[in-house]
Amino acid sequence: MVGRQERNGPGATPPEHPTITFSPSAEFPPLTETELAALHDVGRRWRADLRDHPPRDAVLPLDPSLEQYRHRPAPGRFHRLGQIEMFPTERPGQLTATGSASATGSRFGRAAGTLRRALLGPPLASAAVLQERMRKLVALPVLSSDLLSSVAYGPEAMIAILVLAGSGALNLSLPIAAALVVLMITVGTSYRQTVYAYPHGAGSYLVASDSLGPRFGLTAAAGLFLDYVLTVSVSVAAGVEAITSALPGLTPYAVLLGLLVIAGLLAGNLRGVRAAGRLFAAPTYLFIAAIGLLFVVGLVRAAGRGFEPVPPPPVGAVEGLGLLVVLRAFASGAASMTGIEAVADAVPAFRPVEWRQARTTLTWMVGILVVLFTGLTLLIHFNGLVPRADETLLSQLARETFRTGPWYAVIQAATTLVLLLAANTAFNDFPRLLFFMARDGYAPRRFLHMGDRLAFSNGIVALAVAAALIFVAFGGYTQSLIPLYAVGVFLAFTLSQSGMVMHWRRRRERGWRWRAALNATGAVLCALVLVTAAITKFFEGAWVVVVAVPLLVLLCLHIRWHYDAMRQALTLPTAAPGTDPARPDGGPEPAQPRSGVGGATARSGAAEEARRPNEVEETSGPGDLRVDLSPGEVRHLVVVPVARLNLAALRALAYATSLGQPAFAVHLSPEQEEADRFRRQWETWGDHLRLETIISPYRTVIAPLAQYVAALHSVRPEVTLTVVVPEIVVRHLWHQLLHTRTELRLRRALRDVPGVVVTSVPIHLPE
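Residues numbered from 1 in each chain as written. Predicted model: local features only at pLDDT ≥ 70, side-chain atom pairs only at ≥ 80, totals over all residues. Heavy atoms only, no water.

Student: How do you make sense of the overall build of the chain when you look at a structure like this?
Tutor: When its secondary structure is counted, the chain shows 26 helices and seven strands. A buried classification covers 47% of the 767 residues belonging to the chain. Considering only contacts within the chain whose residues lie at least 6 apart along the sequence, 77% involve residues at least 24 apart. For the chain, the accessible area works out to roughly 37600 Å², and carbon and sulfur atoms hold 63% of it. (Helix = DSSP H or I, 4+ residues; strand = E, 2+ residues; numbered from the N terminus. Buried < 20%, exposed > 50% of the residue type's maximum accessible area, 1.4 Å probe, protein only. Contact = heavy atoms within 4.5 Å. Areas by Shrake-Rupley, 256 points an atom, 1.4 Å probe, with all protein chains shown as cover.)

Student: Sorry if this is basic, but what is going on with the sheet that holds strand S6 (residues 719-729) here?
Tutor: Strand pairing in a sheet relies on backbone hydrogen bonds. The paired strands run either parallel or antiparallel. Read from one edge to the other, the open sheet built from five strands follows the order S5-S4-S3-S6-S7, with strand pairing classed as parallel. For this open sheet the edge positions go to strand S5 (690-695) and strand S7 (756-764), each flanked by a neighbour on one side alone. Averaged over all pairs of adjacent strands, the angle between strand axes in this sheet comes to 30°, irrespective of strand direction. Across five bridges, the pairing between strand S3 (residues 635-641) and S6 is parallel. Its bridge partner lying in S6, Arg635 is registered against Val719. Packed onto the sheet, helix H23 (residues 647-658) meets S3, strand S4 (663-669), S6 and S7 and runs at close to 150° relative to S6. Each of S4 and S5 is contacted by helix H24 (residues 672-685), which is oriented at about 170° to S5, the strand it contacts most. (Pairing = 2+ DSSP bridges. Axes fitted to C-alpha atoms, helices over the stretch in contact; angles between N-to-C directions.)

Student: Explanation requested: the packing of helix H6 (residues 173-197) against helix H13 (residues 354-382) in the structure shown.
Tutor: Two measures define how a pair of helices packs: the angle their axes make with one another and the distance between the axes. Where H6 meets H13, the axes come as close as 10 Å, and the angle between the chain directions of the two elements is 175°. The pairing of H6 with H13 is recorded here as roughly antiparallel in orientation. Considered class by class, the residues forming the contact of H6 with H13 number 17 nonpolar, six polar and two charged. (Parallel < 35°, antiparallel > 145°, perpendicular 65-115°, else oblique. Nonpolar A, V, L, I, M, F, W, Y, C, P; charged D, E, K, R; others polar.)

Student: What is the right way to read the nonpolar core from this model?
Tutor: Nonpolar side chains tend toward joint burial in soluble globular proteins. Counting 145 residues, the largest nonpolar core has Met437 and Phe490 as the members making the most contacts within it. The biggest single contributor to this core is helix H8 (residues 214-246), with 16 residues. Those residues in contact with Met437 that lie beyond four places of it in its chain are Tyr205, Leu218, Ala221, Phe225, Tyr442, Ala443 and Cys556. In this structure, Ile694, Val723, Val725 and Leu750 belong to the second largest nonpolar core, which totals 18 residues. (Core = buried A, V, L, I, M, F, W, Y, C linked by side-chain atoms within 4.5 Å.)

Student: So what exactly am I meant to see when it comes to a nonpolar patch on the surface here?
Tutor: On the surface, a cluster of nonpolar side chains totalling about 500 Å² of accessible area is made up of Leu247, Leu250, Tyr253, Leu256 and Leu260. For Tyr253, the location among the structural elements is in the loop between H8 and helix H9 (254-270). (Patch = residues over 30% accessible without salt bridge, like charges linked within 9 Å, V, L, I, M, F, W, Y side chains within 5 Å. Salt bridge = Lys/Arg side-chain N within 4 Å of Asp/Glu carboxyl O.)

Student: Would you explain the packing of aromatic side chains in this entry?
Tutor: Describing an aromatic ring pair means giving the distance of the ring centres and the angle of the ring planes. For the structure on display, the rule yields 10 aromatic pairs. Their ring planes at 55° and their centres at 5.7 Å tell us that Phe225 and Phe430 sit as a pair that is tilted. Taken together, the residues Phe225 in helix H8 and Phe430 in helix H16 (residues 423-439) connect sequence positions 205 residues apart. The burial state of Phe225 is the same as that of Phe430; both residues are buried. (Phe/Tyr/Trp six-rings, centres within 6.5 Å; stacked < 30°, edge-to-face > 60°.)

Student: Help me out: how do you make sense of the environment of Tyr198 in this one?
Tutor: With respect to the helices and strands, Tyr198 occurs in the loop between H6 and helix H7 (204-211). A relative accessible area of 5% places Tyr198 in the buried class. A C-alpha to C-alpha distance of 9.0 Å links Tyr198 and Val347, two positions 149 residues apart in sequence. At 3.3 Å, the side chain of Tyr198 forms a polar contact with the side chain of His503. (Polar contact = N/O pair within 3.5 Å; in protein donor to acceptor, adjacent residues only side chain to side chain.)

Student: Sorry, what's going on with the packing of H8 against H16 here?
Tutor: Where H8 meets H16, the axes come as close as 9 Å, and the angle between the chain directions of the two elements is 155°. It follows from the interaxial angle that H8 and H16 lie roughly antiparallel. Along this stretch, H8 crosses H16, giving a crossing that reads as left-handed. Packed against H8, whose contacting residues are Leu218, Ala221, Leu224, Phe225, Tyr228, Val229, Thr231, Val232 and Ser235, the element H16 presents Ala423, Ala426, Phe427, Asp429, Phe430, Leu433, Leu434 and Met437 at the interface. Tallied by class, the residues present in the contact of H8 with H16 amount to 14 nonpolar, two polar and one charged. (Left-handed = near helix turned anticlockwise from the far one by under 90°.)

Student: Explanation requested: H13 in the structure shown.
Tutor: Two residues of an α-helix separated by three or four positions point the same way, owing to the 3.6 residues in each turn. With 29 residues, H13 should cover 42 Å at 1.5 Å per step; its first-to-last C-alpha distance of 42 Å lies within 8% of that length. Backbone geometry just downstream of H13 places Gly384 in the positive-phi region, at approximately 60°. (Expected span 1.5 Å × (residues − 1).)

Student: So what exactly am I meant to see when it comes to the pairing of S3 here?
Tutor: For a regular strand, side-chain orientation follows a simple rule: the groups alternate between the two sheet faces. Strand direction decides the pairing type here: S3 and S4, joined by four bridges, are parallel. Residue Val638 lies in a different strand from S4, and its bridge partner there is Ala663. Chirality of the crossover, the property in question, places the unit of S3, H23 and S4 among those that are right-handed. (Right-handed = clockwise from strand over helix to strand, strands pointing away.)

Student: I keep staring at unusual backbone geometry and nothing clicks. Help me out?
Tutor: Apart from glycine, the bulk of residues carry a negative phi angle, and the bulk of peptide bonds sit in the trans form. The omega torsion across Pro352 and Val353 is -5°, close enough to zero to call that bond cis. Structurally, Val353 is set in the loop between helix H12 (342-345) and H13.

Student: Is there a simple way to think about helix H5 (residues 154-162) in this case?
Tutor: For H5, a buried count of eight out of nine residues is recorded, marking the element as mostly surrounded by other parts of the structure. For H5, every residue scored as buried is listed here: Gly154, Pro155, Glu156, Ala157, Met158, Ile159, Ile161 and Leu162.

Student: Just checking my understanding: could you explain the environment of Trp355 for this structure?
Tutor: Assignment of secondary structure puts Trp355 in helix H13. Here the alpha-carbon distance between Trp355 and Tyr198, two residues 157 residues apart in the chain, equals 8.3 Å.

Student: In this structure, what is going on with the confidence of the model for the chain? I would like to understand it.
Tutor: Keep in mind that low pLDDT regions are not for reading the predicted coordinates in detail. Here the chain shows a mean pLDDT of 76. Residues at 70 or above account for 77%. No element of the chain has a lower mean pLDDT than helix H21 (residues 600-603), at 33, and none a higher one than helix H17 (residues 457-473), at 89. Contacts of residues 76-84 to residues separated by more than four positions or lying in other chains number 12 contacts, the stretch itself having pLDDT below 50. (pLDDT = per-residue confidence, 0-100.)

Student: What exactly am I supposed to notice about the pattern of salt bridges here?
Tutor: Per the stated rule, a full pass over the model turns up seven salt bridges. Among the salt bridges present, the one from Arg690 reaches Glu692, with a minimum N-O distance of 2.8 Å. When its relative accessible area of 59% is taken as the criterion, Arg690 is described as exposed. Relative accessible area serves as the criterion here: at 23%, Glu692 is assigned to the partly exposed category.

Encoded structure:
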């Protein structure tokens, strides 16, 4: 119980949930009990088939463990010696690939590998995944850079709305800021509860999926998608704007500067979590110190004049002051909260104890955010500053506070760095969100893969590409991106807080009412920001988010439907009740009960039964993937396309005949005269295999051959057709342009024909 555990003191543990870890093994989930039972049944058929039809030669012609070849010379310059030392043996039946085993042998591959190691560092072994986790001093700057940097433009976004009602409306900045501070504390405290309730992953996607349902979870994920992409775009745009405020001559190159920054962030994060943390931690701490100094000096100056605010310059009202303007200012100022969910998304990336380290980091983040946001809003009010087109409010405040000395340059440099690197938070959380979704089947499985630096490289690259496209499309203008920014992030906030309300109501633990009330307050305030931003900024760009979210949800559902169909198609069949899968005739099963793994079939739960596809007969129709699971069930026919009787063709024919299966050759000829000539050549060779000739009067090769193989399959669908094609392998890439690559074209043509295997016999040309 959460309430009881928290009362037990610091040693309390959170409630149990399924463990979520960022592991290289996530790409290879274990088999379920039902799958193990089906695998056991298939294995019994194998044993029966191998007993009735033993292999011709059970003795392997070489030692697969490479043990007897140990201590041979290392590979030479031209790779003419076997690379034995690249696979040391650690235990019987198991090899371990060394780092050099992953290197490619081509000249281009070696050059690319050298450049990659120079930029990203050497690859890390899977065992180092625990050392790549973050401690609090690293996690704070890495995960808070987005949240803390948003105070550089959040107060300005709020004041830019108020000034539309004239300079007199600027007095409302303080009460609106106070309301925003309440929202920050409420949401921050709510996320502390979320981290505790979901200690192995507390992102909005996971909470909404668990408490509200998968579609709500996908909606939250769609909002987070847009949030993280726009985090990069907005942060880089704001950082570039800070540069151009200090150096106006660089304004024409703003888009180019932004793209270079995104490329630098991409390279830094591909180096891994720990390396990126060391690289990007200093600018965040420098920003906190610089803004803290600005706050202290500004308050001292304000105290010198009795905290009397400087009257702002007169600004004419563009629209009347009303509730809508106040709500718009509140929603715009709430942009200062973006990134507050970063810690909850990255709980498994912390060092043990993960949930406790994450909560401590989140508390520090929210506390620093409240201090910085409050201080900057007060100083802007005391100095009577209003937004200007040519300079940010923070730049104006620094000039006003530090009239002499290098401190203005320090403030601008620190602000620029943290704004540019604020996108690092998104580079940490976006790949993890994709990891969770890929694990559930709602995103491509390639996002489960960890790169050679133990970072989710595919997700990092996807984020960089998407953010660069958005940045270029909007010309790097910050104010154009903020309306899109707020809608996505507060959609996720709202669903996360609503999910926590349902979580507490469902569990009804001690103290659940005040916890649910706290989350409900956060949900209402976040929903208020969401609705206001969506309505008032709809025609300024927020419509993109309103349209994009349901489209992303549909896309994720289609991905899941595809994976479900694939899982159903690839699920191993289970034996029909009352039959023995080990008997070739499918006769009655012996009366004795099964034990071990095989007995798990009868014990599988409702969830596994829902995942199991409909049972099919063993004599399944054409194209069914549940036949031919044991050697005795596979019937072969080998087809060898032959164009000319040269070394490549004869080697392919020899390989096909050595398989010990029925085989024949097929020749495509453009006219009868050439067909007769080839037949005479075939007879000269000896007519050792049957030859079929196809006349192709329109001189096409691949299409008639593919149609012929498909026709063979339609006659006997239960026969596995193996097409053996000779392949010319060239040394240089440009040499491929000199060959027709028949094997690749034929493989593409026959890809959709079930029961057809296309293999090639390579012939390597010398240099």
